[in-house]
Every structure is written in structure tokens, then in C-alpha cells.
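# Working through the structure, step by step
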Amino acid sequence: MEYDSSSSNDSSSSSDEDFIIGVLQVLPRPRYFRDRSNPFSEYDDTDFKQRFRLSKMMFIELLNMIQDDLHHNSHRNMSLSPMLQLLIALRYYATGAFQAVLGDHICVHKSTVCRIVKKVSTCIATLKPQYIQMPRTELERESVYEGFNQLRQFPNVIGAIDCTHIKIQSPNSNIGERFRNRKGYFSINVQAVCKSNLQFTNIVARWPGSVHDSTIFDNSLLRAQFENHEFGDALLLGDGGYACRNYLMTPLANPITEAEKRYQKAQIGTRNVIERTFGVWKRRFPVLSVGIRTQIPTTLLTIIATAVLHNMLIKANDPLPIDDTLLNENLLRQVPVYPVQQTGNIVRRTLIETVFN
């Protein structure tokens, strides 16, 4: 029988090719560095602000504050500059888009976007003590009193307090249900206090969506500060979800007299500033509205970072969204009233009889 050598060679060659292909498939792909764009130089100030929510002047001011913490120790592997890192994070806040989409915009990988969002959010969140703080001195408190008094003549108001839900993806099967709120979706329940100019003075972002507003306040440092009389005779205004206290005025369950009706109107009209603040905050940074799809620690940092940026823009007299003065009809509806403490009722009754009578 004659041996066919050509058939044997073809078989051997095919086997070698299959082996080489198999090796190439398991080897890591070579890194590919794309030409990165720089939106700061590509857009004029109007288009830049529309896409990144900050003017170029505000952007440079913020960059100067945090760029030392964003610098890489090495220039290997075409490391991103602090400017590009900040642009990526701001674009994420302004859109809430998937990280792969953001990466395509700047020409980086989605895993890089994930790391950058966490790093930049951490740097901005460290500015919280500088931009988010309760008025401490008597002069600061008087200024806040005057701002609220001009709204509906409610005296000694240092802030309006409420909570808002920031939508998130389910963390995991073990703790996910703790984050499901009463409306059925997963969220972080964020407590905040604001001034009459829509500026945050206190924010707590660490509680799952299933936790009630009053529970967050009862376990907050802010409550301890008020009960230790650190703010003098100052008052907070809250909705019916909070207990009425000496320092926290809530609406009446059923106002009857003219004085009670005037109190109710002034309380609701003054308190609604916190709802407007939440609305402007979420319109400035839509990631808070569409939902945050990151790990919980990064999500909490993102919330605090956007609150800091919101205060920076308010302080710089940045123009608010056109429709920020439009009130949601649901804000004026009567909210359910929970059992209240008698001491708070006495202070509220005194206010009604002396100020609104």
C-alpha cells in the first residue's frame, strides 16, 4: 500500500494552525490607546455648560481645588490628566449614561470611567465641610432668618428639612430589599436641610430607601445639635412625617381658627423651599433622577459630590433652570400626620397665638 505524504502534511499543518489560534484566543488582547478628545477646547462656554453643567470659569476653579489629588504618579500608559478626569465625572453627573457610552465620548475604556468617577467624586466630596454647613454664628443665623422671613413671615427659621429618594440599581440579593422604598424601586433616602436661596446646609446620604424620614433624623447628628441648643432658638420646618418638637415645626392635622390657618399657610409655603431645592438639584445633575448604576460607596460619594457642586453654583449665582419656580401640585396636598410630642405642640401653639393670631 502506497503512503500519501501530502495528506499527512496537510493534517499536521491544520493542527498547528488550530493550536496557534487557540493560544491567541487565551492571550490578553494588546492594549490599544485611542486619540483622546478634549471637550474643554472643543466647545464654547455655552455648549460646554450645557454638557457639563459648569461654566468654563467654574470648571477651572474646581479643577484648581482638586487637581493635586487627581495627578498620577507616572505618565506611563498614557495616564489621564486631571482635566480629562474631571470632565468624565461631570459628564456622568450631567447625563447618568452608561460608563461605556461615556468612555466612547472621551475615548477611554468603561473600567477607566468607573475608577475615575469614584476618584473624582471622592475629591469633590471632601469639599463638603467648606460648602455644606449649618450657620454657626449669630450673624449667619440672622441672615438665614431674614431670607426665610421674606417668604411667608415665619420667624426664626434656620432651615427646611425633608428627604428625597435617589434611584439606584439593586445592590445584591442579600441586602437588596433593604433598599426598596415604599414606591417599589431601589433607592437611597437622602435627608437634607436648605436655606431660602436653595442652598444645602446639611445633607445625610447613607440610609437605604426603606428607612423612614423620621428615623433618619432621629439618628442624625443634626438632631443632637438642636437638642443641645447649639443653634439657639432657631427652628426647622418639616412635613407631617416628622414629630413636632421644640425646634421642629410641622403642619397641623386640622387647622380650624384663622390663626391656625395662617400658621398652616406660612408653614407649608416656607417649607416648600426644600422641595424646590431637590428639584433644581436633580435637574442640574440628571444622574440623580435617571438612577445611579454604581456600587453603593461610589453612589453615596456621587450624591455628596453633586450636592457640593450645587452649592458652588448657587454661591456663584449661576442661573437656575428656567422652570425652577414651578411648583408641583402635589407639594401643597395635605400630608399624613403622625403622633407628635407634647413639648413640640406647646411651642407650635405659642407661635400660633403670638405670631399668627
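Placed above this text is the structure.
First, a word on what this report is: a plain description of the structure on this page. Because the structure is a prediction, the values reported are computed rather than measured. (Residues numbered from 1 in each chain as written. Predicted model: local features only at pLDDT ≥ 70, side-chain atom pairs only at ≥ 80, totals over all residues. Heavy atoms only, no water.)

### Concerning the overall build of the protein chain
Helix and strand content of the protein chain: 16 helices and five strands. By residue count, 46% of the 357 residues in the protein chain fall in the buried class. Here the contacts in the protein chain between residues at least 6 apart in sequence split such that 71% fall between residues at least 24 apart. (Helix = DSSP H or I, 4+ residues; strand = E, 2+ residues; numbered from the N terminus. Buried < 20%, exposed > 50% of the residue type's maximum accessible area, 1.4 Å probe, protein only. Contact = heavy atoms within 4.5 Å.)

### Notes on the environment of His-229
Relative to the assigned elements, His-229 resides in the loop between α11 (221-227) and β4 (235-237). For His-229, a relative accessible area of 63% corresponds to the exposed category. For the pair His-229 and Tyr-247, spaced 18 residues apart in sequence, the C-alpha to C-alpha distance is 9.1 Å.

### Observations concerning the pairing of strand β3 (residues 200-208)
The buried count for β3 comes to eight of nine residues, which makes it a mostly enclosed element. Inspection of the sheet shows strand β2 (residues 187-194) paired to β3 by six bridges, in the antiparallel sense. Bridge pairing in β3 places Val-193 opposite Asn-202. Once β2 ends, the chain turns through five residues before running back antiparallel as β3, passing Leu-198 with a positive phi of about 70°. (Pairing = 2+ DSSP bridges.)

### Overview of the nonpolar core
Leu-86, Tyr-93, Ile-124, Phe-154, Ile-203, Trp-281 and Ile-303 are the most contacted members of the largest nonpolar core, which has 79 residues in total. Residue contacts for Tyr-93: discarding those within four places in its chain leaves Val-117, Val-120, Ser-121, Ile-124, Phe-285, Pro-286, Val-287, Thr-302, Ala-305, Thr-306 and Leu-309. Core analysis: the second largest hydrophobic core is formed by 19 residues, Met-134, Tyr-145, Cys-163 and Phe-231 among them. (Core = buried A, V, L, I, M, F, W, Y, C linked by side-chain atoms within 4.5 Å.)

### Brief notes about the packing of aromatic side chains
In total, this model carries 14 aromatic pairs according to the counting rule given. Look at Phe-48 and Phe-59: their rings are 5.5 Å apart centre to centre, the planes differ by 80°, and that puts the pair in the edge-to-face class. Highlighted residues: Phe-48 in helix α3 (residues 45-52) and Phe-59 in helix α4 (residues 56-70), separated in sequence by eleven residues. Of the two residues, Phe-48 and Phe-59, both sit in the buried class. When the ring of Phe-226 is compared with that of Phe-231, the centres are 4.8 Å apart and the planes differ by 50°; the resulting orientation is tilted. The burial state of Phe-226 is the same as that of Phe-231; both residues are buried. (Phe/Tyr/Trp six-rings, centres within 6.5 Å; stacked < 30°, edge-to-face > 60°.)

### Section: the pattern of salt bridges
In total, this model carries ten salt bridges according to the counting rule given. Between Arg-180 and Glu-177 there is a salt bridge, with the nearest N and O atoms lying 2.9 Å from each other. The class of Arg-180 is partly exposed, set by a relative accessible area of 32%. Put simply, Glu-260 and Arg-349 hold a salt bridge, and the shortest N to O gap is 2.7 Å. (Salt bridge = Lys/Arg side-chain N within 4 Å of Asp/Glu carboxyl O.)

### Brief notes about the sheet that holds β4
Strand order in the open sheet formed by five strands is β3-β2-β1-β4-β5, with mixed pairing between adjacent strands. Sheet topology places β3 and β5 (248-249) at the edges, where each strand pairs with a single neighbour. Relative to strand β1 (residues 157-167), helix α13 (residues 273-284) is tilted by about 45°, and along the sheet it contacts β1, β2 and β3. Contacts between helix α15 (residues 296-315) and the sheet are confined to β1, β2 and β3, with β3 contributing the most and set at about 165° to the helix. (Axes fitted to C-alpha atoms, helices over the stretch in contact; angles between N-to-C directions.)

### Here's the deal with unusual backbone geometry
The phi torsion at Leu-198 lies on the positive side, around 70°, for a residue other than glycine. The topology assignment puts Leu-198 in the loop between β2 and β3. On the basis of relative accessibility, which here comes to 3%, the residue Leu-198 falls in the buried class. In this model, His-229 sits at a positive phi of 60°, which is unusual for a non-glycine residue.

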